[in-house]
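Take a look at the letters that make up each chain.
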Amino acid sequence: MYSIGPLTVSPGERAQGLIPVGTSSYGVELGIPLIVVNGAQDGPVLCVDAGVHGDEYDGQEAIRRVLAEIDPDTCGHRRRHPLHEHPGLRGGRPRERHRSPEPQPHLPRRPDGSYSQRLAATFVEQVVPVVDAVVDLHTGGAYGEIAPLVILQGGYEDLATDIALAAGHELVWKGGKWGGTVRHPVLAAGKPAITIECGGATYREANVERHMYSIRNILRSLKMIDGEVELRDTYTAVSGTFARSSAGGFFVSHSEPGENCKEGDLIGQIVDHYGNTLEEVRADWDGIVLWVRRIRTVRPGDEVVIFGAVEGEITP
Ligand SMILES: [Zn+2]
């Protein structure tokens, strides 16, 4: 038997339900929606989550589809493999982001705090202890679009590199000086955790399929389903720097997520209502554009680009 939150699932069975977190102003129960698929044989427990940012949809759909194709009785090595979907803020308004000069914690957790803080605390208390690895699916959010990449927390390479490479994206962002993500409490517990990013707020089938590929390949790497894990010959390690506007206006981008740039290249510009250039955003070094703003209006201090510096190669 496998237990998580209020669910208890026998080997070879699947179940779904809500880990309660709180109630809405209408008194309706809210929580973390969970789908559990328990393989017939023992094995690791992989948690795949999506929708931590409520305006990111592709990963949520990818989880539903991969789960639908898994037969807990007959698949692969029939390992135990619950996967969880917790689109925590689904249906909520897009998060308030890009309003602070520094990246903010995504999930500041407080059991007696706001709904989001309680949700984070519930995840740490009830999910992290009963899983062996976490894959956290994201997109570039409502404001922009991100190149397909995996975030591998610096300092935890020994723990998480294997599943990071199995995600299948060439770009590996060795990052995250920001705290409070889903990854942190999992890594702190000595378990592998990665974040996979691709796309933006506009739902795209191609990005759902990218996330599905990553989930399947990570399942193969953990020997939870049949098949050889597919690895690239080489991966590119990058770091990311947020470029922010000084001027308010209309942002015109001249580059796409994933595009290579040379030092001095024009990445984008901010213009006023008359077309006058208020500000140019140029590459500070030879690198790769990781994220580009898609919402055209900008206020001073808004993120307009995340610019990546190549830190080296990773060979599996
Ligand atoms: Zn996100």
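So, how was this worked out
- Residues numbered from 1 in each chain as written.
- Predicted model: local features only at pLDDT ≥ 70, side-chain atom pairs only at ≥ 80, totals over all residues.
- Heavy atoms only, no water.
- Axes fitted to C-alpha atoms, helices over the stretch in contact; angles between N-to-C directions.
- Helix = DSSP H or I, 4+ residues; strand = E, 2+ residues; numbered from the N terminus.
- Parallel < 35°, antiparallel > 145°, perpendicular 65-115°, else oblique.
- Left-handed = near helix turned anticlockwise from the far one by under 90°.
- Contact = heavy atoms within 4.5 Å.
- Nonpolar A, V, L, I, M, F, W, Y, C, P; charged D, E, K, R; others polar.
- Donors = N, O, S within 2.8 Å, 3.2 Å for Na, K, Ca; no water.
- Tetrahedral: all angles 85-135°; square planar, octahedral: opposite > 155°, others 65-115°.
- Buried < 20%, exposed > 50% of the residue type's maximum accessible area, 1.4 Å probe, protein only.
- Core = buried A, V, L, I, M, F, W, Y, C linked by side-chain atoms within 4.5 Å.
- Lys, Arg positive; Asp, Glu negative; His and termini not counted.
- Salt bridge = Lys/Arg side-chain N within 4 Å of Asp/Glu carboxyl O.
- Polar contact = N/O pair within 3.5 Å; in protein donor to acceptor, adjacent residues only side chain to side chain.
- Pairing = 2+ DSSP bridges.
- pLDDT = per-residue confidence, 0-100.
- Patch = residues over 30% accessible without salt bridge, like charges linked within 9 Å, V, L, I, M, F, W, Y side chains within 5 Å.
- Areas by Shrake-Rupley, 256 points an atom, 1.4 Å probe, with all protein chains shown as cover.
- Expected span 1.5 Å × (residues − 1).

### Observations regarding the packing of helix α1 (residues 58–69) against helix α5 (residues 205–221)
Then, number 1: α5 packs onto α1 with a crossing angle of 50° between their chain directions and a minimal axis gap of 8 Å. Regarding the angle of α1 to α5, the classification is oblique. By crossing handedness, the relation of α1 to α5 is classed as right-handed. Listed contacts from α5 to Asp 58, Gly 59, Glu 61, Ala 62, Ile 63, Arg 65, Val 66 and Glu 69 of α1 are Glu 205, Asn 207, Val 208, His 211, Met 212, Ile 215, Arg 216 and Leu 219.
Then, number 2: In the contact of α1 with α5, the residues fall into 7 nonpolar, 3 polar and 6 charged.

### Some thoughts on the coordination of the zinc ion
Then, number 1: On the protein side, the zinc ion has His 53 (ND1), Glu 56 (OE), Glu 56 (OE) and His 138 (ND1) as donor atoms, found 2.0 to 2.4 Å from it.
Then, number 2: What the 4 donor atoms of the zinc ion show is an angle range of 56 to 143° at the metal, which sorts the shape as irregular.
Then, number 3: Mapped onto the polypeptide sequence, the residues donating to the zinc ion form the spacing pattern H-x2-E-x81-H. A residue pair is termed long-range when its members are at least 10 positions apart, and His 53 in the loop between β5 (46–50) and α1 and His 138 in strand β6 (residues 133–138) qualify at 85 residues.
Then, number 4: Judged by its relative accessible area of 7%, His 53 is buried.

### Some words on the nonpolar core
Then, number 1: Counting 56 residues, the largest nonpolar core has Phe 123, Val 135, Ile 194 and Ile 218 as the members making the most contacts within it.
Then, number 2: Residues within four places of Ile 194 in sequence aside, it is in contact with Val 134, Val 135, Asp 136, Val 150, Ile 151, Ala 160, Ile 163, Ala 164, Ala 167, Arg 183 and Ile 218.
Then, number 3: One finds Phe 251, Cys 261, Ile 270 and Val 304 within the second-largest nonpolar core, a separate group that totals 13 residues.

### Observations concerning the side chain of Arg 220
Then, number 1: Looking at where Arg 220 falls in the secondary structure, it is placed in helix α5.
Then, number 2: For the buried residue Arg 220, which engages in no salt bridge, the nearest side chain bearing the opposite charge is Glu 230, 4.3 Å off.
Then, number 3: Within the local environment of Arg 220, its side chain forms a polar contact with the side chain of Asn 217, the two groups lying 3.2 Å apart.
Then, number 4: Ignoring any residue separated from it by four or fewer positions in sequence, one finds Arg 220 in contact with Ile 225, Asp 226, Gly 227, Glu 228, Val 229 and Glu 230.

### Section: the environment of Phe 251
Then, number 1: Its place among the elements puts Phe 251 in strand β11 (residues 249–253).
Then, number 2: Residues Phe 251 and Val 304, 53 residues apart in the sequence, show an inter-C-alpha distance of 7.6 Å.

### Re the pairing of β5
Then, number 1: Among the 5 residues of β5, 5 are classified as buried, and the element is accordingly described as predominantly covered.
Then, number 2: On β5, burial covers both faces: Leu 46, Val 48 and Ala 50 on one face and Cys 47 and Asp 49 on the other are all buried.
Then, number 3: Both β5 and β6 contribute to a ladder of 5 bridges, which runs parallel. Bridge assignment links Asp 49 to a residue of β6, and that residue is Asp 136.

### Considering the confidence of the model for the protein chain
Then, number 1: Mean pLDDT over the protein chain: 86, with 88% of residues reaching 70 or higher.
Then, number 2: Below a pLDDT of 50 lies the segment residues 76–80, which in the model reaches 31 contacts outside its immediate sequence neighbourhood of four places, other chains included.
Then, number 3: A low-confidence stretch, residues 86–105 (pLDDT under 50), is modelled with 51 contacts involving residues beyond four sequence positions or located in other chains.

### Let's talk about the pattern of salt bridges
Then, number 1: Tallied over the entire structure, the rule returns 13 salt bridges.
Then, number 2: Note that Glu 69 is salt-bridged to Arg 216, the shortest N-O span being 2.6 Å. You can see Glu 69 sitting in helix α1 and its partner Arg 216 sitting in helix α5, a full 147 residues away along the chain.
Then, number 3: In this structure Glu 69 comes out as partly exposed when scored by relative accessible area, which is 43%.
Then, number 4: Under the relative-accessibility criterion, Arg 216 is labelled partly exposed at 26%.
Then, number 5: One salt bridge connects Arg 294 with Glu 145, and the closest N-O pair in it is separated by 2.8 Å. Remark: Glu 145 occurs in strand β7 (residues 144–151) and Arg 294 occurs in the loop between β15 (287–293) and β16 (297–298); sequence separation between them is 149 residues.
Then, number 6: For Glu 145, a relative accessible area of 18% puts it in the buried group.

### Some details on a nonpolar patch on the surface
Then, number 1: On the surface, Tyr 26, Val 28 and Leu 30 cluster together into a nonpolar patch covering about 340 Å² of accessible area.
Then, number 2: Secondary-structure assignment places Leu 30 in strand β4 (residues 29–38).

### Remarks on α5
Then, number 1: The end-to-end C-alpha distance of α5, which contains 17 residues, comes to 24 Å, matching closely the 24 Å that a straight helix rising 1.5 Å per residue would cover.
Then, number 2: When we look at burial in α5, the residues that qualify are Asn 207, Val 208, His 211, Met 212, Ser 214, Ile 215, Asn 217, Ile 218, Leu 219 and Arg 220.
Then, number 3: Close packing links the buried residues of α5 with β5, α1, β6, α3 (157–166) and β9 (193–199).
Then, number 4: Where α5 terminates, the next one or two residues include Lys 223, which has phi positive at roughly 60°.

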